[in-house]
Amino acid sequence: MRIGYPCINRGIGCTSSRAFRLASYSERRLVETVAQNLDCLESVLRWNAEHGILFFRITSDLVPFASHPVCTYDWARQFHDRFRRLGRLVRRHRMRISMHPDQFVLINALDEAIGQSSVRELGYHARVLDLMGLPASAKLQIHVGGVYGDKPASIVRFVERYRSLPDPIRRRLVVENDDRCYTVADCLEVNRLTGVPVLFDVFHHRVNCSGESVRDALRRCAATWRKRDGLPMVDYSSQEPGQRRGRHVEHIDIRDFREFLEAVRGIECDVMLEIKDKEESALVASAAASRARRR
DNA sequence: TCTGGTCAAGGTGGT
DNA sequence: ACCACCTTGACCAGA
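Below or above, wherever it landed, is the structure these notes cover. (Residues numbered from 1 in each chain as written. Chains lettered and ligands numbered in written order. Predicted model: local features only at pLDDT ≥ 70, side-chain atom pairs only at ≥ 80, totals over all residues. Heavy atoms only, no water.)

A word on the overall build of chain A
Okay, so step 1: Counting its secondary structure elements, chain A contains eleven helices and eight strands.
Okay, so step 2: Radius of gyration (C-alpha) of chain A: 19 Å, near the 19 Å computed for a compact globule of 295 residues.
Okay, so step 3: Principal-axis analysis of the C-alpha atoms gives chain A an extent of 50 × 45 × 40 Å.
Okay, so step 4: Here chain A, with 295 residues, has 54% of them falling under the buried criterion.
Okay, so step 5: Sequence-distant contacts, at least 24 apart, represent 78% of the contacts inside chain A between residues at least 6 apart.
Okay, so step 6: For chain A, the accessible area works out to roughly 13500 Å², and carbon and sulfur atoms hold 49% of it. (Helix = DSSP H or I, 4+ residues; strand = E, 2+ residues; numbered from the N terminus. Rg over C-alpha atoms; globule rule 2.2 N^0.38 Å. Buried < 20%, exposed > 50% of the residue type's maximum accessible area, 1.4 Å probe, protein only. Contact = heavy atoms within 4.5 Å. Areas by Shrake-Rupley, 256 points an atom, 1.4 Å probe, with all protein chains shown as cover.)

Overview of the protein's contact with DNA strand C
Okay, so step 1: Near DNA strand C, the surroundings consist of 19 residues, among which Ala-19, Arg-21, Ser-24, Arg-29 and Asp-102 are the closest.
Okay, so step 2: Each atom of DNA strand C within 4 Å of the protein belongs either to a base or to sugar and phosphate, the latter forming 63%.
Okay, so step 3: In the model, a phosphate oxygen of DNA strand C is placed 3.5 Å from a nitrogen or oxygen of the Thr-15 side chain.
Okay, so step 4: For the surface near DNA strand C, the class distribution of residues is four nonpolar, six polar and nine charged. (Near = heavy atom within 4 Å. Polar contact = N/O pair within 3.5 Å; in protein donor to acceptor, adjacent residues only side chain to side chain. Nonpolar A, V, L, I, M, F, W, Y, C, P; charged D, E, K, R; others polar.)

A word on the pattern of salt bridges
Okay, so step 1: With the rule as written, the count across this model stands at 20 salt bridges.
Okay, so step 2: A salt bridge links Asp-270 to Arg-2, with the shortest nitrogen-to-oxygen separation between them at 2.7 Å. With Asp-270 in strand β8 (residues 270–273) and Arg-2 in the segment before β1 (3–6), this residue pair connects regions lying 268 residues apart in the sequence.
Okay, so step 3: The class for Asp-270 is buried, based on a relative accessible area of 0%.
Okay, so step 4: Here Asp-39 and Arg-82 are joined by a salt bridge, their closest N and O atoms 3.0 Å apart. (Salt bridge = Lys/Arg side-chain N within 4 Å of Asp/Glu carboxyl O.)

Quick look at the state of the cysteines
Okay, so step 1: The final tally for this structure, using the stated rule, is one disulfide.
Okay, so step 2: Disulfide pairing is shown between Cys-14 and Cys-40; the S-S distance is 2.1 Å. Every disulfide takes its handedness from the sign of the S-S torsion; for Cys-14 and Cys-40 that torsion is 80 degrees, giving right-handed. Of this pair, Cys-14 sits in the loop between β1 and α1 (27–50) while Cys-40 is found in helix α1, placing the two residues 26 residues apart along the sequence.
Okay, so step 3: Not part of a disulfide, Cys-221 finds its nearest cysteine sulfur in Cys-187, a span of 7.2 Å.
Okay, so step 4: Distance from the sulfur of Cys-269, which forms no disulfide, to the nearest cysteine sulfur (Cys-221) is 11 Å. (Disulfide = S-S within 2.5 Å.)

As for the side chain of Arg-172
Okay, so step 1: With respect to the secondary-structure elements, Arg-172 resides in the loop between α6 (167–170) and β5 (173–176).
Okay, so step 2: Of the polar contacts made by the side chain of Arg-172, one reaches the backbone oxygen of Leu-134; its length is 2.8 Å.
Okay, so step 3: Apart from the residues lying within four places of it in its own chain, the contact partners of Arg-172 are Ala-126, Leu-129, Asp-130, Leu-134, Pro-135, Ala-136, Ala-138, Lys-139 and Leu-140.

Remarks on the packing of helix α5 (residues 151–163) against helix α7 (residues 184–194)
Packed helix pairs are characterised by how far apart their axes lie and by the angle those axes make with each other.
Okay, so step 1: At a minimum axis separation of 10 Å, α5 and α7 run at an interaxial angle of 40 degrees. Classified by the angle between their axes, α5 and α7 sit oblique to one another. Taken as a pair, α5 and α7 cross one another with a handedness that is right-handed. Across from Lys-151, Ile-155, Phe-158, Val-159, Tyr-162 and Arg-163 in α5, the residues of α7 making contact are Asp-186, Val-190, Leu-193 and Thr-194.
Okay, so step 2: Grouping the constituent residues of the contact of α5 with α7 by class yields six nonpolar, one polar and three charged. (Axes fitted to C-alpha atoms, helices over the stretch in contact; angles between N-to-C directions. Parallel < 35°, antiparallel > 145°, perpendicular 65-115°, else oblique. Left-handed = near helix turned anticlockwise from the far one by under 90°.)

Here's the deal with the pairing of β8
Okay, so step 1: Burial along β8 is two-sided: Asp-270 and Met-272 and Val-271 and Leu-273, pointing in opposite directions, are all buried.
Okay, so step 2: Of the pairings in the sheet, the one linking β1 to β8 comprises two bridges and is parallel in character. The residue of β8 that forms the bridge with Ile-3 is Val-271.
Okay, so step 3: By the bridge criterion, four bridges tie strand β7 (residues 233–236) to β8 in an arrangement that is parallel. Note that in β8 the partner of Asp-235 across the bridge is Met-272.
Okay, so step 4: Since β7 and β8 lie parallel, the crossover through helix α10 (residues 254–264) that links them has a hand, and here it is right-handed. (Pairing = 2+ DSSP bridges. Right-handed = clockwise from strand over helix to strand, strands pointing away.)

Remarks on the layout of surface pockets
Okay, so step 1: Considering only enclosed or pocket space, the largest pocket measures out at about 840 Å³ in volume.
Okay, so step 2: Taken together, 30 residues line the largest pocket, and the ones lying closest to its centre are Arg-57, His-100, Gln-103, His-143 and Glu-274.
Okay, so step 3: The class makeup of the residues in the lining of the largest pocket is nine nonpolar, nine polar and twelve charged. (1 Å grid on protein atoms, 1.4 Å probe; cavity = no way out; pocket = protein on both sides within 12 Å on 5 of 7 lines; lining within 4 Å. Points joined across faces, edges and corners; volume = space filled by probe spheres on them.)

Structural notes on α7
Okay, so step 1: Of the residues making up α7, those classed as buried are Val-184, Asp-186, Cys-187, Leu-188, Val-190, Asn-191 and Thr-194.
Okay, so step 2: Looking at the buried positions of α7, the neighbouring elements they touch are α5, β5, β6 (198–201), α8 (202–207) and α9 (214–222).
Okay, so step 3: One or two steps after α7, the chain reaches Gly-195, where phi turns positive at roughly 85 degrees.

So this is what it looks like as structure tokens:
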């Protein structure tokens, strides 16, 4: 079991998600920013390797405006060697990588233009992982999308659009149960119709549950991952006390995490912690997971 | 140098 | 009609 955290290392003193306003876009600015972001990503991956954190979610902001029409610059060519080097680092340490395109990616959108910009955005994400030379087990996780007042029809639209996705996207795409609309059961239905693996989010499952126990839900989701997809990925978080339902914790609740480990015992998976303090909680979780393994 | 309003993009649910 | 939230902060104009 690899333990990971998303996008940012808060202690390391740099960020790989530097960006700038669209109004100040220039090629020079883009190249500068991407160079800094890649430098920082390398520092973070090295830090992770040294600390035994072998799962990491790369930020969508690595290349700002990559899928925006304003960006006509060939950043992939410019940074080809840098990406290759990062990929070698990842493979050398047998690290796992994911990306999570943001909420604007809706492949089942009613509006065709939104569907198309979503495909462009996914294409950018796939390009990053391809440039790093990572296998199909490096995943892009998205939600099924909007409901638009008719879930069955929206699932059908997802299935149709999924089938016409370019292969570089499709081979990496996985769907995750969300905290409002699409439950584990809905995602499993999408899997049945498309074969797309289902990434189990245990916290969303608590907030938006289709009735299965955590163990049962994870087992069913895990069964949707084929050999080439790698170990099933799981998102873990828990409720911040006193805050609105669905709010992620600031720091790992170690008792809750141990319960989670107990519930998933014997089911192989890689766990991404969606917790605000990032690498700090990842270190705590990693130690807890090692102790649990030894027992 | 510091700070608060604002930033490419959509949908949902609560007020 | 408006706002907070989403997985996540950082830019930048004006003081």
